[in-house]
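Report on the structure
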Amino acid sequence: MDDRAIDIARLIPWLPALSAVVCGVCCTSRKLRVLAAPVCIAAIAAAFVLTLKAYPHVFDDHGHGVFHVSWLFTWIRVGGFTADMSYYLDPLTMVMLIVVTGVGTLVAIYAAGYMAGDRGYARFFAAVSLFIFAMTTLVMADNLVLLYLGWEGVGLCSYLLIGFYYDKPSAVAAAKKAFIVNRIGDLGFALGIFLTYHQFATVQFSELFQILATQPSEASTPVQIIPFLLMLGAFGKSAQLPLYVWLPDAMEGPTPVSALIHAATMVTAGVYMIARLFPLFELSPYALPTVAIVGTATALFAATIAMCQYDIKRIYAYSTISQLGYMFLGLGVASTTAAVFHLLTHAFFKALLFLTAGSVMHSLAGQLDLRHMSGMRRKMPVTCWLMFFGCLALAGFPFTAGFYSKDMILADTLQKGLTGHSTLYTVLAVAGLFVAFLTAFYTFRLWFRVFMGPTKYEMGQEHGHGADHHPDGVSSDIKVEHHHEPHEVNWLMNAPLLVLAAGALLAGYLAHHWIGDMIQGSSARPLRQAIGAHGAAHHATLFGMDLHLAMMYISSVIAVVGIATAAYFHWLNRGAADRVAAKWAGLVRVLANKYYVDELNDSVIVRPLRFIGYLCFVFDRLIIDGLVMTVGFVPRMFGLALRPAQRGALQGYGIGMATGTAVVVLLVLMVYF
Amino acid sequence: MMYSPDQLLPLLVLIPLVGGLALSLLPNQVVPAMAFVWTVVTLAVSVVVACLAYQPIDGNPAVTFLSSGDLFFESFIPWVDGFGLSFSFGLDAISLWLVLLTTALMPLVMLGSFSAIKHRVKEYYTWLLLLEAAMIGTFVATDLIFFYICFEFTLVPLFFLIGIFGSTQRLKAAKVFFLYTFTGSMLTFAGVLYVAWFNASQTGLWSFEIAQLARAAQAMSLEQQTWVLLALLAGFAVKVPLFPVHTWLPLAHTEAPTGGSVILAGVLLKLGTYGLLRFALPMTPIATVVYAPTIATFAVVGILYTALICWVQKDVKKLIAYSSVSHLGFCVLGMFALNTIGVSAAVMYMINHGLSTGALFLCIGMIYERFHTREMARMGGLARVMPIWAFFMVFFSLASVGLPGLNGFVGEFLALLGAFMARDVLGVGYAVAAGFGMILAAIYILYMVGKVVFGPVLIPEHDDQHQPPYPSGHTHGKHAHVRDLNAREIMTLTPLAVGCLLLGLFPTPLLSSLKPAVDKLVEPARLVLAGRPHGEATIDEVTTIIFIDPTVQHGHPQDPDAARHGH
C-alpha cells in the first residue's frame, strides 16, 4: 500500500503544517522573522509540485477519472464509528488542490512584499501556512469528520487573519463575527454528519458513495433532510443568504488574506462540499432547487449592494458573494461542471482583483474609498492594466475566463428551464443575466473611478498598512516614501499578478473541456439528473441556434452594455452619475447601508440573546442561588440557637463532620444490630 | 518478570500522603520544590502503571490488562475484617486515565503556584498533596467505604485552600462550597449504605466491594433504584455540577487560588461524573434508563443556560467557571446516552476539560498575579504586551470551544453523536438542542478573547501598592513594566498544550482502551434497554421483563453500535 505513487499526496497538507510550526518559531525572534515568508512560500509551492506529481494517478489507462483512498493514520475510532486521517483523491480533489496550492503560492509571494515591515510578519505566514494545511485537508478529506476538521480549521485561520490587526476593534469584531456566523452553519453541518452516520452507518466517502449508488431514487425522509443540514454549513462558509453577513466585514484582514481566503479558496469550500457530496444532494427532490434559489437570490442581493459601495475591498467582497451565488446556482441545476469551472476561473480573477486593490491600497497608505481617488493609471500603470484584465473577466467580457464559466452556468440553467418547461429555472436564468449586467456595471464603475479621469487622490490614514503597525528596523525608510507619492509596487508583488492575469484571461478558454472531464470523473458527476453541461440532452434551442451559443451572444452583449454604461456614468460624465444617485436617493441609501441587515441582526438576534443572558444570570443569582441559601439558612438558625458562643471559619466544617460521623455510626449500628 | 504491579496503586496514594505530611518537617524555603518533586514522583509511578497496563500479556499485543474491561492490579489491605471493610485498590481504563490526569496536573499546579503563594507556604503545599492523595484514592478505590472516605476527604484540603489562600470572599466561598457538597454527599452515602444493606440482606454477607454491590443492586425494584439514583445524584450532581445545583461553583472557582481552581475544575468536578459512571450506571440501570431523559434534559438546559450566563460575565475567571458547568453538561449528556460512543465521549470529555479548563485557569492566574484584577473591563489587547501568554490563551480557548484537531472537539463531537444515536434513550432532539451550545460557546469564548487578548491595549493599574511584582518600577514607559511569561510559566502551560494537541489528533489509543471498561459499565443499562419493548413501556413492564423473563437477561445487548460493526 505504501509503495503507491499517489501516496505522496499525503504529504500535501503536512508540508504547510510543518511550515506553520516553523513560522510560529520565527515569531519569537526578530532575527528569524524574515525567514517566515520563504519557508511558507516553499512549503506551499512544494505542495503544488506534489499535487502535479499526484495528478496523473487519478486517471486510469483510458483517461477516465478514478479515486484513491490514501490512509495516513487512525484519528477517531470508537464503537464502530470510524473517522481516520485519510485522503480521498479524485479529479475533483486535484482541481481544488491546484487552485488552493497554486493561488496560495502566488498570494504568498505577493504577501512577502506586501507584508514587509509589519511586526506581525511571521505571525501572518504562520497563519497562512496553517490555512493551507486546513484547506488542503478540507479538499482531500476522505470522510465527513475530517472534512469538518478542515472546515473549522479554515474558519480558525480566517478568524486569526481577519483579526490580524488586532489593535483595531473593528478587526476584532469582524473576526469574531466571521467565526460565530460560521459556527451557526457548522452546527447544521455537524448535525448533517450525525444524520448521515445515523442513516448510512458510515461517514467515509468511498463507502458512502457506494451505498448511495445503489439507493432507490425515493429516499426516506431523514435521508432527505441530510442535504438541507449540510447546506446550512455550505451557506455559512460560502457566505450565502442569510449567513453572508460576515464576509464584507472580513475585509478588515490584510489584503492578501482577502484574496486567498475570502475570495479564491476558503469561501468556495461550500461549493466544493456540495459538489463532493452531490450524490447525497440528489436524494432529495427539493435540495438542489433550494440551492439554486438561494444562490440566485444571493447573487442578485449582493450585486445590488455592490452598486452603491465606495470601499474597493467591500465592492469586491459583495462581488465575491454574488459570484458564489452563481456557483450555487450552477450546483442547483445539477451542473457541477459549470459550478466548479466558475470556482476555478473566479479564483484567478478575484485573487487578481483583490491583490491589485491591495497594490492601490499599499501605495495610497490604506486609502480604499472610491471618492478619494481618480486617474491613478498615470501613477500605477501596471496595476491599472492588471486590474483591467481582472475586471474584464469578472464582467464576463467575451473570451475571458469569467465569460466561459458564467456562460456555462446560465446556459445550463436556461436549458433546464426550457427543456423541462420549468418556469422556475427560466426565471433564475433571467435573473442571472440581470446580475451579469449589474456585475459588469459595478466592476467597471470601480475601475473607471480609480484609474480613469483626472488624477486626484488623498492618502489614507495608515502609515504602513495596518493601523498603528509601525514597521520596525530596516524597512521603515521605505515606508516613509508612501507618505509622499503613490507609486507602482515592486516586481516581487507584480510578478505573481501577471500569472493570475494570464489565468483570468485564458483559463476559461483553455480549461473548459478539461474541467468537464475532471468533474465527470469524480463524485460530483450528476447521476440522477443527467442534464449536465456535456450530457446528451442538448436539444434546447434559442433563436434557432444551440442554446450555449445563443447564450454566449446574449451575455457578450450584456457585458459590453454594462461596461459601456459604467464608462458613461463613471468616466465620461461623472456628473450624470451623481444626478441619478440624487434622484434615487432613498434606494441608494438603502443599498449603501446594505439593506440594514447588520442593524436588523443586531436588534433581532444579538441584543435579545444577550438580554436573555442577563436574565439567566439574574435568575441564577437570585432564584437558584437564593433558594439554596435559604435552605442553607435553616440549619444555621438551629446552629446559632444551640451554640451562640461558637465562632470561626471552621464552624461549618466541624458541624458537617460531626453530623456526618454521627450519621455513619448510627446507620452502621442500626444495620449491624 | 516477577515484578508485582499490584503494590503500585497503594503507593500512588501513599506517596502524596506521606510526602504531604513530611513537608511539615522541612524548612519553608525548600517546601515548594519538595512538593513539586513529590508530585513528579507520583506522576512517574502513575506513568509506570499506565505502561504496565498497556503492556501485552503473554506477548499477544491484542491482550492487555485493559482489553478485558475487568479491574486489574487489585490489592487489598484488610481493615475491619468482620465487617467486610478493607482498603481495596484496583484500576480499569477509566480510572487509569483519570489518575493520569490527576498526577499530570499536579506538578503543573505546583509549578504554577511558586510565585503566587508567598505566605503559609507549608500549609498550602501540604494541603495540595493531601488533596492529590485523596483524589487518586477516589479513582483507585474499589471499596465503597474507602471510596467515600477519599471522596469526602477531598473537601477538607480544598476548604482550607479556598478559605486561607482565596481572594476577598474566600471565607464565604469555602463555607458554601463545603456545606453544599458535603450535604449532597451525605445523602449519597446514605444511598450506597442502603445498597450495602440490600446486598447483605440478599446474600447474608456484608460487603462493600463496589462491583459486588453493583451486581446485587441490579436486583432492586425500580422504586428502590429510583431512590438510590436520587441519593447518588444528590452528591454527584452537585459535584459535577449539574444544573440547577451548580451555584456553589462560580463562587468557589472564582475565589479559590489559581492552584485550587485548576484542581477544582481539572479533577474535582470529575469526581462527580466519575461517581455517576461508577455507581449510577451499573447499580441502578432501570432507574437510569427511565430517568436518563430527565437527567439529560437538565444537562442540556445547563449547557445553554450557563453558556448564556458566561456571555454576560465581567470577571474573566467567573466566565471560565460558568463555562465549566456548560461543558460538564456535554459530559453528562454523553454519559446518559448509554451507548459506547456517548459514554466513551463522556470519559474523554472529563480528561479534555481537565486539560483545557485547567490551563485556562492557569492562564488567568498568570494575569491575576501581574495585575491583581480579573475584570475584563480593566484589561485589553494583552496580545501586544504578552504575546506568548496570548498564544496559550487563544490556544486553550480554542481547545475549550471544541476546535477539531484539538482535544475538546473529539469529546464534544462524540458526546453529541452518542446522544444523537441513542434513539432508545435520548435521540435527535437532545443533540440538536445541545448543539446550540457549540455556537454559544464560540460566542462567549471569543467575547472573552476579543476583550482580553485582542483589541486596543489596556493595562490595568494594579492597586496593590505594597508589593510591586515587577522589577522595573517606572510606569511612564507605557507597557515596559509588563513582562511576558517566564520560563517557569511556559513550562507550566506547554505540557497541557501538547496534551491537548496529542489527544486531538490521536484520541484512539485513549478511546479504544476505554471501550471494554465502558461496555462493562453500560451493559446493565443496555440489558434493560434490550428488554424494553419498542415504544413507551410502562415502568412495570420494564421491571417484569427484566426479572421475570430470564431469556432477556441472558440475551445479547442490542447495541446499535455493535450491530453496525459489520459494515
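Residues numbered from 1 in each chain as written. Chains lettered and ligands numbered in written order. Predicted model: local features only at pLDDT ≥ 70, side-chain atom pairs only at ≥ 80, totals over all residues. Heavy atoms only, no water.

1. Some thoughts on the overall build of chain A
The helix and strand tally for chain A stands at 26 helices and six strands. Relative to its 673 residues, chain A shows a buried fraction of 60%. Counting only contacts in chain A whose residues sit at least 6 apart along the sequence, the fraction spanning at least 24 positions is 81%. Counting every atom, chain A has about 24,500 Å² of accessible surface; 69% of that belongs to carbon and sulfur. (Helix = DSSP H or I, 4+ residues; strand = E, 2+ residues; numbered from the N terminus. Buried < 20%, exposed > 50% of the residue type's maximum accessible area, 1.4 Å probe, protein only. Contact = heavy atoms within 4.5 Å. Areas by Shrake-Rupley, 256 points an atom, 1.4 Å probe, with all protein chains shown as cover.)

2. Quick look at the overall build of chain B
From N to C terminus, chain B includes 23 helices and two strands. The proportion of buried residues among the 567 residues of chain B is 67%. Of the contacts made within chain B by residues no fewer than 6 positions apart, 78% connect residues no fewer than 24 positions apart. Working note: accessible area of chain B is about 18,600 Å², and carbon and sulfur atoms make up 67% of it.

3. Some thoughts on the side chain of His353 of chain B
All names here are of chain B. As for its position among the elements, His353 is in helix 14 (residues 340–371). Only 3.1 Å separates the side chain of His353 from the side chain of Ser324, close enough to count as a polar contact. Contacts of His353, omitting those with residues within four sequence positions, involve Ala265, Leu269, Lys270, Ser324, His327, Leu328 and Gly358. (Polar contact = N/O pair within 3.5 Å; in protein donor to acceptor, adjacent residues only side chain to side chain.)

4. Comments concerning a nonpolar patch on the surface
A surface patch of nonpolar side chains, amounting to about 430 Å² of accessible area, comprises Val21, Val25, Leu32, Val34 and Leu35 of chain A. Position of Val34 of chain A among the secondary structure elements: in the loop between helix 1 (11–26) and helix 2 (36–54). (Patch = residues over 30% accessible without salt bridge, like charges linked within 9 Å, V, L, I, M, F, W, Y side chains within 5 Å. Salt bridge = Lys/Arg side-chain N within 4 Å of Asp/Glu carboxyl O.)

5. Some details on the interface of chain A and chain B
In this assembly, 63 residues from chain A lie in contact with 76 residues from chain B. Both sides together, the interface formed by chain A and chain B hides about 6,700 Å², and carbon and sulfur atoms give 77% of it. Counting across the chain A and chain B interface gives one salt bridge. Between Asp167 of chain A and Arg384 of chain B there is a salt bridge, with the nearest N and O atoms lying 2.7 Å from each other. Between chain A and chain B we count 16 residue pairs in polar contact (both at pLDDT 80 or more) in total. Residue assignment for the side of chain A that touches chain B shows that the elements contributing at least two residues are strand 1 (68–78), strand 2 (81–89), helix 5 (144–162), helix 6 (169–200), helix 25 (597–642) and helix 26 (651–672) of chain A. When residues of the side of chain A that touches chain B are assigned to their parent elements, the largest contribution, 15 residues, is made by helix 25 of chain A. Taken together, the residues of the side of chain A that touches chain B sort by class into 44 nonpolar, nine polar and ten charged. (Buried area = accessible area lost by both parts, 1.4 Å probe. Nonpolar A, V, L, I, M, F, W, Y, C, P; charged D, E, K, R; others polar.)

6. Thoughts on the packing of helix 16 (residues 381–395) of chain A against helix 20 (residues 491–511) of chain A
Residue and element names in this part refer to chain A. Look at helix 16 against helix 20: their axes get within 9 Å of each other, and the N-to-C directions meet at 25°. Between helix 16 and helix 20, the interaxial angle falls into the category roughly parallel. Taken as a pair, helix 16 and helix 20 cross one another with a handedness that is left-handed. Within the contact between the two elements, helix 16 uses Val382, Thr383, Leu386, Phe389 and Ala393 and helix 20 uses Trp491, Asn494, Leu497, Leu498, Ala501, Ala504 and Leu505. Among the residues forming the contact of helix 16 with helix 20, the class breakdown is ten nonpolar, two polar and no charged. (Axes fitted to C-alpha atoms, helices over the stretch in contact; angles between N-to-C directions. Parallel < 35°, antiparallel > 145°, perpendicular 65-115°, else oblique. Left-handed = near helix turned anticlockwise from the far one by under 90°.)

7. Comments concerning the confidence of the model for chain B
All names here are of chain B. A residue-level look at chain B finds 89% of positions with pLDDT of 70 or above and a mean pLDDT of 85. In the predicted structure, residues 464–479 sits below a pLDDT of 50 and forms 20 contacts with residues beyond four places in sequence or in another chain. Contacts for the low-pLDDT stretch residues 534–567, under 50 throughout, to residues beyond four places or in other chains number 44 contacts. The ipTM, which scores confidence in the relative placement of chains, is 0.88 for this predicted complex, and the corresponding pTM is 0.89. (pLDDT = per-residue confidence, 0-100.)

8. As for the nonpolar core
Nonpolar side chains in soluble globular proteins tend to end up buried together. Grouped together as the largest cluster of nonpolar side chains are 461 residues, with contacts concentrated most on Phe81 of chain A together with Trp389, Phe396 and Leu414 of chain B. Each of two domains, domain 1 (5–463 + 476–515) and domain 2 (516–566) of chain B, supplies a minimum of three residues to this core. Setting aside residues up to four positions removed in sequence, Leu414 of chain B forms contacts with Ile76, Val78 and Phe81 of chain A together with Ile341, Gly342, Ala345, Phe409 and Leu511 of chain B. (Core = buried A, V, L, I, M, F, W, Y, C linked by side-chain atoms within 4.5 Å. Domains from an automatic or database assignment.)

9. Topic: unusual backbone geometry
Cis geometry marks the peptide bond from Leu241 of chain A to Pro242 of chain A; its omega dihedral reads -5°. Cis peptide bonds are those with omega within 30 degrees of zero, and the linkage from Val240 of chain B to Pro241 of chain B qualifies with -10°. Residue position: Pro241 of chain B is located in the loop between helix 9 (222–239) and helix 10 (248–255). Positive phi, normally seen in glycine, also occurs at Ala239 of chain A, with a value near 55°. By the element assignment, Ala239 of chain A lies in the loop between helix 8 (221–237) and helix 9 (246–249).

10. Examining the packing of aromatic side chains
Applying the stated rule across the entire model yields 76 aromatic pairs over all chains. Plain terms: the ring middles of Phe177 of chain B and Trp248 of chain B are 5.3 Å apart, the flat faces sit at 50° to each other, and that makes the pair tilted. Taken together, the residues span a long stretch of sequence, with Phe177 of chain B in helix 7 (residues 170–203) and Trp248 of chain B in helix 10 at a distance of 71 residues. The same class applies to Phe177 of chain B as to Trp248 of chain B, namely buried. Pairwise contacts between aromatic rings join Trp75, Phe81, Tyr148, Trp151, Phe189, Phe194 and Tyr197 of chain A together with Phe409, Phe413 and Phe420 of chain B into one cluster. Geometry around Phe164 of chain A places Arg123 of chain A over its ring, the cationic atom sitting 4.3 Å from the centre. Positioned over the ring face of Tyr310 of chain A is Arg371 of chain A, at 3.9 Å from the centre of the ring. (Phe/Tyr/Trp six-rings, centres within 6.5 Å; stacked < 30°, edge-to-face > 60°. Lys NZ or Arg CZ within 6 Å of the ring centre and 35° of its normal.)

11. Here's the deal with the pattern of salt bridges
Here the structure, examined in full by the defined rule, presents 19 salt bridges over all chains. Note that Asp249 of chain A is salt-bridged to Arg314 of chain A, the shortest N-O span being 3.3 Å. Here Asp249 of chain A, found in helix 9, pairs with Arg314 of chain A, found in helix 14 (residues 312–332); they are 65 residues apart in sequence, far enough to count as distant. Residues Asp249 of chain A and Arg314 of chain A agree in their burial class; the two are buried. Ionic pairing is found between Arg370 of chain B and Glu489 of chain B, a salt bridge with its closest N-O pair at 2.8 Å. You can see Arg370 of chain B sitting in helix 14 and its partner Glu489 of chain B sitting in helix 19 (residues 487–505), a full 119 residues away along the chain. We note that Arg370 of chain B, like Glu489 of chain B, is buried. Through salt bridges with shared partners, one network takes in Lys177, Asp249, Arg314 and Asp598 of chain A.

12. Here's the deal with the domain arrangement of chain B
Residues and elements named next belong to chain B. Each assigned domain of chain B is listed with its residue range as follows: domain 1 (5–463 + 476–515) and domain 2 (516–566). Between the C-alpha centres of domain 1 and domain 2 there is a distance of 30 Å. Opposite the 36 residues of domain 1 that make contact, domain 2 presents 21 residues. With both sides pooled, the region where domain 1 packs onto domain 2 buries about 2,400 Å², and carbon together with sulfur makes up 66% of that total. When the buried area of domain 1 at its contact with domain 2 is split by residue, Val289, Asp424 and Lys515 rank highest and sum to 22% of it. Summed over the shared surface of domain 1 and domain 2, the result is three salt bridges. Between Lys520 and Asp70 there is a salt bridge, with its nearest N and O atoms 2.9 Å apart. Put simply, domain 1 and domain 2 have nine residue pairs in polar contact (both at pLDDT 80 or more) between them. Mapped by element, the contributors of at least two residues to the side of domain 1 that touches domain 2 are helix 3 (93–113), helix 11 (258–283), helix 12 (285–311), helix 14 and helix 20 (508–531). With five residues, the single largest contributor to the side of domain 1 that touches domain 2 is helix 14.

13. Considering the environment of Gly80 of chain A
Relative to the elements of secondary structure, Gly80 of chain A occurs in the loop between strand 1 and strand 2. For Gly80 of chain A, a relative accessible area of 23% puts it in the partly exposed group.

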